[in-house]
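# Geometric and topological summary
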Amino acid sequence: MHNLHQPGIPVPRTDAASQPAPAPLGTAADGIEPAAGSPDHSAVGRLAHTVERLQHELRQANDEAHGRALIDLAKGILVERLRCSPLEAAGQLEKLAAQVGTSSIELAADLVNQASRDRITDLAREFVADAADPSSPSLGLRLRSAEAGATGDAQAVAQSILQHALQPLGARAVAIWAANADQSLTLAASAGFTEQEPLRWRHVPPGVPTPARQALDHRAATGYDSLSAAALPSIGQHEFRGGRIAVPAGTGGRITGVLEICWPDPLLEQPQSLQRQFEVLAELCATALEAEPEPATAGQDPHLDELLELTDGLHDPCLVLRPVTDAAGNATDFLIRHVNPGFVDFAGRPRNRIAGARLLDAYPLAAERSGLFEKIEHVLATGEPFRAERMTLAATVEGVSLTTAARVSISRHGAHVLVVWTLDDGVPKVASLLQHAQRLGRIGGFEENLVTREIVWNDTLFDLHGLPPTAQPVPLEQLASRAHPDDAHSIGRFLRTLLHHRRPASTSFRLHRADTFARHIRVVAEPVLDENSQLVAIRGAFQDVSSQHWTEVALAATRDQLAHTEQEAAERSRLALQLQHAIMPPSRGPAELFDLRVAVRYRPAETDHLVGGDWYDAVTLPSGHVLLCVGDIAGHGIEAATGMVALRNALRGLAATGAGPAQLLTWLNSVTHHLTDNVTATAVCALYDPATRRLRWARAGHLPPVLLRDGTANTLPTVTGILLGAIDRANYEQGEVQLESGDTLLLYTDGLIERRDCSVEDSLSNLLALTQDNRSSGSPDDLEHRLDHLLRYTDADTDDDTCLIGVRVG
């Protein structure tokens, strides 16, 4: 903890320019079905629409008044000093501002500072004298703007000082605490927190060591470079865990409360000028607290305390109402004193837009005959509770009546009235989702009245256009002036469809914003016709689709790159297939090698890019023996095809030495391991001696050959041998079989029999059964028909290429 009157006090580490503006507060009522599918034209509906429009104009006027108040004060000073009229003073102010090269409001703040003799004036002068930054004179404008906006209740003060004075310093939230006589604290106002946080901290009992309590106990400003490190409880402790400063607020030596300022990041050392700024802002808070009515604190109104505790424990939406009476004591309206944490507005508005408002301001349609207001009046007057299993509740948003059915309970508790409603299943959840739908979808709604020229935007739309909420909405006819010149034609076609043809329309364009960021916007709108089919308004929505646009651009680039890659892959596959077919044609007619009749079938993979590495060879060697071999290179593509060529030619060359099959595979393993790039393969190698009809054979991880003799098919006795290329040196076992006239020998690759749902043993059994099937051959000597039959009826499902050699003896 630090005392702010001592040197070395922390200051915010954040840069004001890097702080994002607070998210606009909007009404997400889209998606709730209107009462009649169109604006409510009843008398009460028109009145409610007028009330809503006036509320919007009032909020806009209050925002503009913050700056206009300074202008008016400056004009008054010029009238007094120059002895001129107010109109001449206004012209003189603009002329002086142009001469000095500053804005009118900045010059107005300087004039007010020169004429005033308060702490803001002294602080601004001292800051200007000490500051090296030429932009430092705006301090006076910030403080004067905060003071001008701090007229009214404490809530207006909190919002004004946060917006005008503290956000440029990196602060994100403020809380104004009222100090009570029993040492407890009441949250008088706050700004920048989530809507639920003030409800949880509306009252702090005595003895809780919050930063505000510490500042009151020491009667001096206290600061913490990190609230989480200080381990003190306070409002926003989970949202803003960084720096925290609490400044006592009081006037005339009497402390009435505390101003608490929250930062998201740790604080650095703070100059004296900033400390005095916080003290000036605390004085503004004290002035507002003096004007506030004494809050009801724990123990002062036990009935209200019990009622609030009761409502906070209920899951259904609850409103605690206090009657607003006229001079005769009659209730003219009800102040919504409190809404519980379970409250969900069926029109989708956030809770802080309902709490603190008057009932007829929030729900004007409650004034209908036999409506909610009449029931509440009756309960207040008679004390008789009211219950209805199904009652229609209504609200207006942007002139459209929104209704829902609910079970309503109304009861009187002392001077307050409790209203509990239970909405139909799903309505609270949908309303809660609607609060965030427009923000997440970056959708802003609008309605432009073509008769009165009134334009209504929601807050999201101001944000999309890069405009402050106090700016004037842009008419549709001026939309082209804010868009890219190349999009003017599409905007013109959009407006013609809407205004001339009176049909719904949509278009996309590039929006130029004041912050120089171009946004890709999609707008969709529909015409609104009156009972005489005359066009009276246009309503619709803008959506920021910039992210989608750039995603589509990236996707198009990716598609182009993918197409280029696919073209390269197709070319490689074509070359591999040509190479494979050049060496091993898909079918090869019977060849006569001494007393052997040899036929070959090759079936490529069904997918073009899966050019495999299956290979075979049948050739007479210089020794008079016949070399029979089949193999399978692991993988597919051009690498597999070139590896196949290398191993096939290598085995032919090695076989010319006269070595046996086992030795040939030992040598071929070394070739595969050392002379190819990470190639592995399986193979069967056999040497046939025509003089003795003896067949010697060896295998390297390959399936054994099948011998068909006298109508019975069996695999040759198994010999061991590891696949080629796996290790540097390998030894292979050699087998021998005596062939007889009429025997048929089959050598094949795994693509002939392999299935994903069967073991190798089951697949081999199926092959043996199919081989010895009499239907597999048109005649005992029809070798080619047998091979075609095997290729046709084997049920392999791996989409691999297949090589099959048939050898007939005699």
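The model shown is predicted, which means the values in this text are computed figures rather than measured ones. (Residues numbered from 1 in each chain as written. Predicted model: local features only at pLDDT ≥ 70, side-chain atom pairs only at ≥ 80, totals over all residues. Heavy atoms only, no water.)

## What about the overall build of the chain?
Secondary structure assignment for the chain yields 21 helices and 30 strands. For the chain, the residues scored as buried account for 46% of the 810 residues in total. Put simply, 61% of the contacts in the chain that link residues at least 6 apart link residues at least 24 apart. Total accessible area computed for the chain in this model is approximately 38,800 Å², and 52% of it derives from carbon and sulfur atoms. (Helix = DSSP H or I, 4+ residues; strand = E, 2+ residues; numbered from the N terminus. Buried < 20%, exposed > 50% of the residue type's maximum accessible area, 1.4 Å probe, protein only. Contact = heavy atoms within 4.5 Å. Areas by Shrake-Rupley, 256 points an atom, 1.4 Å probe, with all protein chains shown as cover.)

## What about a nonpolar patch on the surface?
On the surface, Ile722, Leu723 and Ile727 cluster together into a nonpolar patch covering about 210 Å² of accessible area. Note on placement: Leu723 falls in the loop between β27 (712-715) and β28 (735-738). (Patch = residues over 30% accessible without salt bridge, like charges linked within 9 Å, V, L, I, M, F, W, Y side chains within 5 Å. Salt bridge = Lys/Arg side-chain N within 4 Å of Asp/Glu carboxyl O.)

## Considering the packing of helix α18 (residues 638-655) against helix α19 (residues 661-675)
The axes of two packed helices give the description: the angle between them and the distance between them. It is the contact of α18 with α19, at a shortest axis distance of 10 Å, that shows an interaxial angle of 140°. Regarding the angle of α18 to α19, the classification is oblique. Every pair of crossing elements has a handedness; the one defined by α18 and α19 is right-handed. Note on element contacts: α19 touches α18 through Leu664, Trp667, Leu668, Val671 and Thr672, opposite Leu647, Ala650, Leu651, Leu654 and Ala655. Here the residues of the contact of α18 with α19 are counted per class, giving nine nonpolar, one polar and no charged. (Axes fitted to C-alpha atoms, helices over the stretch in contact; angles between N-to-C directions. Parallel < 35°, antiparallel > 145°, perpendicular 65-115°, else oblique. Left-handed = near helix turned anticlockwise from the far one by under 90°. Nonpolar A, V, L, I, M, F, W, Y, C, P; charged D, E, K, R; others polar.)

## Section: helix α8 (residues 211-218)
By the criterion of burial, α8 is predominantly enclosed, with six of the eight residues buried. Looking at the buried positions of α8, the neighbouring elements they touch are β3 (173-179), β4 (185-191), β6 (222-224), α9 (227-230), β7 (244-251) and β8 (254-262). Two residues or fewer after α8 comes Arg219, characterised by a positive phi angle close to 50°.

## Quick notes on the sheet that holds strand β16 (residues 455-457)
The sheet built from five strands is open, its strands ordered β16-β15-β19-β18-β17 with antiparallel pairing. Looking at strand neighbours, the two that pair on one side only are β16 and β17 (505-512), the edges of this open sheet. For this sheet the average axis-to-axis angle between neighbouring strands, irrespective of direction, equals 20°. Pairing of strand β18 (residues 518-529) with strand β19 (residues 535-544), which is carried by nine bridges, proceeds in the antiparallel orientation. Residue pairing in the sheet places Ala525 in a bridge with Gly540 of β19. Sitting on the sheet, helix α16 (residues 488-500) is in contact with β17, β18 and β19, with an inclination near 140° to β17. (Pairing = 2+ DSSP bridges.)

## Considering the pattern of salt bridges
Applying the stated criterion to the full structure yields 17 salt bridges. Between Arg597 and Glu592 there is a salt bridge, with the nearest N and O atoms lying 2.9 Å from each other. Since its relative accessible area comes to 52%, Glu592 is described here as exposed. With a closest N to O distance of 2.5 Å, Arg652 and Asp617 form a salt bridge. Pair noted here: Arg652 is in helix α18 and Asp617 is in strand β22 (residues 613-620), with a separation of 35 residues, a long-range link. With a relative accessible area of 36%, Arg652 lands in the partly exposed category. Relative accessible area serves as the criterion here: at 0%, Asp617 is assigned to the buried category.

## Some details on the pairing of strand β23 (residues 626-633)
The buried count for β23 comes to eight of eight residues, which makes it a mostly enclosed element. Side chains of β23 alternate between two faces, with Val626, Leu628, Val630 and Asp632 and Leu627, Cys629, Gly631 and Ile633 buried alike. Of the pairings in the sheet, the one linking β22 to β23 comprises eight bridges and is antiparallel in character. Bridge pairing in β23 links Asp617 to Cys629.

## Some details on the confidence of the model for the chain
Across the chain, pLDDT averages 79, with 76% of residues at or above 70. For the stretch residues 5-39, pLDDT sits under 50, and the model shows 90 contacts to residues farther than four places along the chain or on other chains. In the predicted structure, residues 118-137 sits below a pLDDT of 50 and forms 34 contacts with residues beyond four places in sequence or in another chain. (pLDDT = per-residue confidence, 0-100.)

## Description of the sheet that holds β23
The five strands lie next to each other as β22-β23-β24-β25-β28, forming an open sheet whose pairing is antiparallel. Strand pairing shows two members of the sheet lacking a second neighbour, β22 and β28, which therefore form its edges. Taken over all neighbouring pairs, the strand axes of this sheet differ in orientation by 15° on average, direction set aside. As paired elements, strand β24 (residues 681-689) and strand β25 (residues 694-700) share six bridges and run antiparallel to each other. Looking at β25, one finds that Leu687 is bridged to Arg696. Packed on one face of the sheet, α18 meets β22, β23 and β24 and runs near 25° to β22. Strands β24 and β25 of the sheet are contacted by α19, whose axis makes an angle of about 25° with β25.

## What to know about the packing of aromatic side chains
The final tally for this structure, using the stated rule, is eight aromatic pairs. Centre to centre, the rings of Phe446 and Phe542 are 5.2 Å apart; their planes meet at 50°, and the pair counts as tilted. Pair noted here: Phe446 is in strand β15 (residues 443-449) and Phe542 is in strand β19, with a separation of 96 residues, a long-range link. Residue class for Phe542 comes out buried when judged on its relative accessible area of 3%. Here the aromatic cluster, defined as three or more aromatic residues joined through ring pairs, consists of Phe343, Tyr363 and Trp421. (Phe/Tyr/Trp six-rings, centres within 6.5 Å; stacked < 30°, edge-to-face > 60°.)

## Details of the environment of Ala189
Relative to the helices and strands, Ala189 is located in strand β4. Remark: the alpha-carbon pair of Ala189 and Val157, spanning 32 residues in sequence, is separated by 8.2 Å. Look past the residues within four positions of Ala189 in its chain and what remains in contact with it is Ala154, Gln155, Ala158, Ala175 and Ile176.

## Brief notes about the pairing of β27
Of the pairings in the sheet, the one linking strand β26 (residues 706-709) to β27 comprises four bridges and is antiparallel in character. Counterpart to Arg709 in the pairing with β27 is Thr712.

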